[in-house]
Amino acid sequence: QVQLVESGGGLVQAGGSLTLSCAASGIRSSINAMGWHRQAPGKQRELVARITTDGSTYYGEFVKGRFTTSRDNAKNTVYLQMNSLKPEDTAVYYCKVDGRYRDYWGQGTQVTVSS
């Protein structure tokens, strides 16, 4: 059974930091990229960050150096360090894992940034 277990969301004041983590288990094929998307109420889901197997990273334009993604291949875990958070970063953050044959999504973790 495939499981993506996310943790680290919560409530933080503007300017604060949070670290999200997502541990994937039960995926029998190879894992390619891992990353994060987010969806705010009334908006489309958008890419936050993505990291490939060799460590190449990609970020949404709105990140502007505030977030850093990393991964532990041995643990099939991806992280998202978020600094200088803004109220507009408030959203449900979803972990995404690109397997060899299909993609997998986590259940989402709420991040709320108060002004």
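The structure presented is a predicted model; accordingly, all values stated were derived computationally and were not measured.

Undergrad: Let's hear about the state of the cysteines: which residues, and what values?
TA: One pass over the structure, following the stated rule, counts one disulfide. Across the disulfide from Cys 22 sits Cys 95; the S-S distance is 2.1 Å. Handedness here is read from the sign of the S-S torsion; for Cys 22 and Cys 95, about -80°, the answer is left-handed. Highlighted residues: Cys 22 in strand 3 (residues 18-25) and Cys 95 in strand 9 (residues 91-99), separated in sequence by 73 residues.

Undergrad: Account for the environment of Lys 96, with residues named and values stated.
TA: One can find Lys 96 in strand 9. Residues Lys 96 and Cys 22, spaced 74 residues apart in sequence, show a C-alpha to C-alpha distance of 8.8 Å. Every residue in contact with Lys 96, bar those within four places of it in the chain, is listed here: Ala 33, Met 34, Gly 35, His 37, Asp 103, Tyr 104 and Trp 105. A distance of 3.4 Å separates the side chain of Lys 96 from the side chain of Asp 103, its partner in a polar contact.

Undergrad: Lay out the sheet that holds strand 7 (residues 67-72) with the relevant residues and their values.
TA: Within the open sheet, the four strands sit side by side as 1-3-8-7. Their pairing is antiparallel. Here the strands that pair on one side only, and so sit at the sheet edges, are strand 1 (3-7) and strand 7. Direction aside, the axes of adjacent strands within the sheet are offset by 15° on average. With six bridges connecting them, strand 3 and strand 8 (residues 77-82) associate as antiparallel partners. What sits directly across from Thr 19, in strand 8, is Gln 81.

Rules and cut-offs
Numbering of residues starts from 1 in every chain and runs along the sequence as written. Only residues with pLDDT of at least 70 get local features here, since the model is predicted, and only at 80 or more are side-chain atom pairs given and counted; chain-wide, interface and lining totals rely on the full set of residues. Calculation of side-chain values draws on the structure's entire complement of heavy atoms; hydrogens and water are dropped beforehand. Disulfides are defined as cysteine sulfur pairs within 2.5 Å. Secondary structure counts use DSSP, requiring at least four H or I residues in a row for a helix and at least two E residues in a row for a strand, with both numbered from the N terminus. The criterion used for residue contact is that any of the two residues' heavy atoms lie within 4.5 Å. Residues adjacent in sequence count toward polar contacts only when both atoms are side-chain atoms; beyond that, a polar contact is any pair of N or O atoms within 3.5 Å, and within protein one must be able to donate a hydrogen and the other to accept it. Whether two strands pair depends on DSSP finding at least two bridges between them. Only the stretch in contact is used when a helix axis is fitted, and all axes are lines through C-alpha atoms; the angle between N-to-C directions ranges over 0 to 180 degrees.

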